[in-house]
Amino acid sequence: VPAVRHALAGGDLDRAADLVEVATPALRRNRQEATLRRWVGDFPDEVLQRRPVLAIAFVGALMSSNEFADVARRLREIERQLPAIHERLAPDADPTAELASQVVAVDEHELARVPAAVELYWAGLALVSGDLPATHLHAGRAINTATADDDVVPAGAAGLSGLAHWACGELDEARRSYLTCIDGLLRAQHISDALGSY
């Protein structure tokens, strides 16, 4: 925490961004979205436009704070980065190639989670707006595009689908979705989220 504050105060945005990226998984797991929101909110948009891991973390922090007004715009900006992300993550990628070099990330695993997380947050926005078919659509896409070692995004998507089923009175489907959600959260050691899902 002090290292991030010092880097931001000293204007070393690249160092601060690296530190926040590395800390992001633990902050999410420990439900410290307020800290994440405060840190990432201090970065100018130009930094977030080339750092999709930070940008998607900020979207998640905004949504967990029930701040939805700017989320769709931010998701569209991240979607514009998806071709560069895919190029950067390709097995034979040249990180210095023009497209691949447009994105910066210190954690390739977190970078690989971005496309599925975009779909997850579109599902969340759809649920908030009452568009239950779109909730299921984006949740399904999130599950289908999640990396094999990512338990968090599919769990979140299953939870959102569960809420959409519940809103329609489809209680058996809601229960099945929530059990899937809880299993994924427990595997990812997101204990507080799993408890909340019960």
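In this report, we go over the structure that sits alongside the text. If you're wondering where the values come from, they're calculated on a predicted model, not measured in any experiment. (Residues numbered from 1 in each chain as written. Predicted model: local features only at pLDDT ≥ 70, side-chain atom pairs only at ≥ 80, totals over all residues. Heavy atoms only, no water.)

**Quick look at the layout of surface pockets**
Right, on to step 1. The volume enclosed by the largest pocket comes to roughly 840 Å³.
Right, on to step 2. The wall of the largest pocket is formed by 30 residues, among which Arg 31, Leu 120, Tyr 121, Gly 156 and Asp 193 lie closest to the centre.
Right, on to step 3. For the lining of the largest pocket, the secondary-structure elements that each account for two or more residues are α5 (52-64), α7 (108-129), α9 (152-167), α10 (171-187) and α11 (191-197).
Right, on to step 4. The class makeup of the residues in the lining of the largest pocket is 18 nonpolar, 7 polar and 5 charged.
Right, on to step 5. For the second largest pocket, the calculated volume is near 180 Å³.
Right, on to step 6. Lining of the second largest pocket is provided by 14 residues; of these, His 109, Asp 150, Val 152, Ala 188 and His 190 occupy positions nearest its centre.
Right, on to step 7. Secondary-structure elements contributing two or more residues to the lining of the second largest pocket are α2 (13-29) and α7.
Right, on to step 8. Looking at the lining of the second largest pocket, its residues break down into 3 nonpolar, 3 polar and 8 charged. (1 Å grid on protein atoms, 1.4 Å probe; cavity = no way out; pocket = protein on both sides within 12 Å on 5 of 7 lines; lining within 4 Å. Points joined across faces, edges and corners; volume = space filled by probe spheres on them. Helix = DSSP H or I, 4+ residues; strand = E, 2+ residues; numbered from the N terminus. Nonpolar A, V, L, I, M, F, W, Y, C, P; charged D, E, K, R; others polar.)

**Looking at empty space enclosed by the protein**
Right, on to step 1. Overall, the coordinates contain 1 cavity of 30 Å³ or more when judged by the stated rule.
Right, on to step 2. Reported here for the largest cavity is a volume of approximately 70 Å³.
Right, on to step 3. In terms of lining, the largest cavity is formed by Leu 48, Gln 49, Ala 55, Val 59, Arg 74, Glu 77, Ile 78 and Gln 81.
Right, on to step 4. For the lining of the largest cavity, the element with the highest residue contribution is helix α6 (residues 71-89), accounting for 4 residues.

**Quick word on the packing of α7 against α9**
Right, on to step 1. Two elements in contact, α7 and α9, have axes whose closest approach is 10 Å; the angle formed by their N-to-C orientations is 15°. One way to sum up the angle between α7 and α9 is to call them roughly parallel. The two elements α7 and α9 meet at a crossing, and its hand is left-handed. Between α7, through Arg 113, Ala 116, Ala 117, Leu 120, Ala 123, Gly 124 and Leu 127, and α9, the contact on the second element is made entirely by Val 152, Val 153, Gly 156, Ala 157, Leu 160, Leu 163 and Ala 164. (Axes fitted to C-alpha atoms, helices over the stretch in contact; angles between N-to-C directions. Parallel < 35°, antiparallel > 145°, perpendicular 65-115°, else oblique. Left-handed = near helix turned anticlockwise from the far one by under 90°. Contact = heavy atoms within 4.5 Å.)

**Here we look at the nonpolar core**
Right, on to step 1. Counting 50 residues, the largest nonpolar core has Val 20, Phe 43, Ile 56, Leu 75, Val 114 and Tyr 121 as its most contacted members.
Right, on to step 2. Per-element tally for this core: the top contributor is α7, with 11 residues. (Core = buried A, V, L, I, M, F, W, Y, C linked by side-chain atoms within 4.5 Å. Buried < 20%, exposed > 50% of the residue type's maximum accessible area, 1.4 Å probe, protein only.)

**Details of α7**
Right, on to step 1. Spanning 22 residues, α7 covers 32 Å between terminal C-alpha atoms, matching the ideal 32 Å at 1.5 Å per step.
Right, on to step 2. Remark: the principal bend of α7, roughly 40°, maps to Pro 115.
Right, on to step 3. If you check the start of α7, you find a side-chain oxygen 3.0 Å away from the backbone N of His 109, and it comes from Asp 107.
Right, on to step 4. Two residues or fewer after α7 comes Gly 130, characterised by a positive phi angle close to 85°. (Expected span 1.5 Å × (residues − 1). Bend = angle between axes of the 7 residues up to and from the residue. Polar contact = N/O pair within 3.5 Å; in protein donor to acceptor, adjacent residues only side chain to side chain.)

**Overview of α10**
Each α-helix turn comprises 3.6 residues. Residues three or four places apart therefore point the same way.
Right, on to step 1. A rise of 1.5 Å per residue sets the reference length of α10, with its 17 residues, at 24 Å; its end C-alpha atoms lie 24 Å apart and thus fit the reference within 8%.
Right, on to step 2. When we look at burial in α10, the residues that qualify are Ala 174, Ser 177, Cys 181, Ile 182, Gly 184 and Leu 185. Down the axis of α10, the smallest arc covering the buried residues is 165°, so these residues share one side. Looking at α10, the residues exposed on the side facing more than 90 degrees away from the buried face are Asp 172, Arg 175 and Arg 187.
Right, on to step 3. Residues of α10 that are buried make contact with α9 and α11. (Arc of directions from axis to C-beta.)

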